[in-house]
Amino acid sequence: MNPRQRLIALAQRLILAMRRSGVQIPEAGPEALWTLAIAVAGWWLTGRDPEIEAELRPFAALPMLFSIFNGVKALPGFAAAVSRAEDEAGLQSGGQRFAAVVSELGIAKLKAALQNSIFIRLQDQIVASYPFPSSLFATQAPPVRVVRGNPPLAEGKRLTEAEGAPISTAPAQPSVSEETVAFLSKRYSEFLVKRILKA
């Protein structure tokens, strides 16, 4: 895979882990989360893959964002867990680590960062440059709102992701790009790939 494909593949896996975290960020739409995933993937891969730095050079705001990421103690654990996840349990572990990132930062601070004008300009550039994986957000209704007062449901069932939205009883399995499937298929057995992609 070329640097662009590696970046997108990791960003998609980060989204899958975020979706498993149970964390909901008020007013953060799918485009903001995709931009965050691309940024985290770029931050993680830059030190490990010199070609990624060249891939991300056009985005002037990223170095500033990377310097902020360097101060988030829980972020390396999140990125590492997702990058080496081999099955559903690995993505679930990544989701727990994303919850730790949000806990460290605080919802209010993260929300403010995602609504900052610099981040919004970066979001426009990222969404224009990298294919937005709408299928990964198929069951998410923007703007996202925190669901309060609902106890966690049994494993395998989904909480509604927007107040007042009906809970779907049909299994929702997000489609993943062919690039990601090809990447995973090269590294893992067919059984593990199915487990990783299982929603």
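Look up: the structure comes first, before these words.
None of the values given here were measured: they were computed from a predicted structure. (Residues numbered from 1 in each chain as written. Predicted model: local features only at pLDDT ≥ 70, side-chain atom pairs only at ≥ 80, totals over all residues. Heavy atoms only, no water.)

Novice: How should I be thinking about the packing of aromatic side chains in this particular structure?
Specialist: Aromatic ring pairs are defined here through the distance separating the ring centres and the angle between the ring planes. Going through the model one piece at a time under the given rule, you end up with five aromatic pairs. Ring centres 5.9 Å apart and planes at 80° place the aromatic pair Trp-43 and Phe-69 in the edge-to-face group. Linking Trp-43 in helix H2 (residues 30-46) with Phe-69 in helix H4 (residues 62-69), this pair joins segments that are 26 residues apart in sequence. Each member of the pair, Trp-43 together with Phe-69, is buried. Pairing Phe-78 with Phe-98 gives two aromatic rings, centres 5.2 Å apart and planes at 45°, and the pair type is tilted. Taken together, the positions of Phe-78 in helix H5 (residues 75-83) and Phe-98 in helix H6 (residues 88-105) put the pair 20 residues apart, joining distant regions of the chain. Accessibility expressed as a relative area gives 1% for Phe-78, which makes it buried. Three or more aromatic residues joined by ring pairs make a cluster, and in this case those are Trp-43, Trp-44, Phe-66 and Phe-69. (Phe/Tyr/Trp six-rings, centres within 6.5 Å; stacked < 30°, edge-to-face > 60°. Helix = DSSP H or I, 4+ residues; strand = E, 2+ residues; numbered from the N terminus. Buried < 20%, exposed > 50% of the residue type's maximum accessible area, 1.4 Å probe, protein only.)

Novice: Teacher, can you tell me more about H5 here?
Specialist: It helps to recall that an α-helix has 3.6 residues per turn; residues three or four apart then point in one direction. Counting buried positions over the nine residues of H5 gives seven, a clear majority of the element. Those residues of H5 not exposed but buried are Leu-75, Gly-77, Phe-78, Ala-79, Ala-80, Ala-81 and Val-82. Buried positions along H5 lie against helix H1 (3-20), H2, H4 and H6. (Contact = heavy atoms within 4.5 Å.)

Novice: For this particular structure, what's the right way to read the packing of H1 against H2?
Specialist: Any two packed helices are characterised by the angle at which their axes cross and by the distance between the axes. H2 packs onto H1 with a crossing angle of 120° between their chain directions and a minimal axis gap of 8 Å. With respect to H2, the axis of H1 lies oblique. Of the two possible hands of crossing, H1 and H2 adopt the one that is right-handed. Of the residues in H2, those in contact with Arg-6, Leu-7, Ile-8, Leu-10, Ala-11, Gln-12, Leu-14, Ile-15 and Met-18 of H1 are Leu-33, Trp-34, Leu-36, Ala-37, Ile-38, Val-40, Ala-41, Gly-42, Trp-44 and Leu-45. (Axes fitted to C-alpha atoms, helices over the stretch in contact; angles between N-to-C directions. Parallel < 35°, antiparallel > 145°, perpendicular 65-115°, else oblique. Left-handed = near helix turned anticlockwise from the far one by under 90°.)

Novice: Whenever I open this one, the packing of H2 against H4 confuses me. Can you help?
Specialist: The geometry of H2 relative to H4 is characterised by a closest axis approach of 10 Å and an angle of 75° between their N-to-C directions. As the angle between them shows, H2 and H4 are arranged roughly perpendicular. Where H2 abuts H4, its residues Leu-36, Ala-39, Val-40, Gly-42, Trp-43 and Thr-46 lie against Leu-62, Leu-65, Phe-66 and Phe-69. A breakdown of the residues in the contact of H2 with H4 according to their chemical character gives eight nonpolar, two polar and no charged. (Nonpolar A, V, L, I, M, F, W, Y, C, P; charged D, E, K, R; others polar.)

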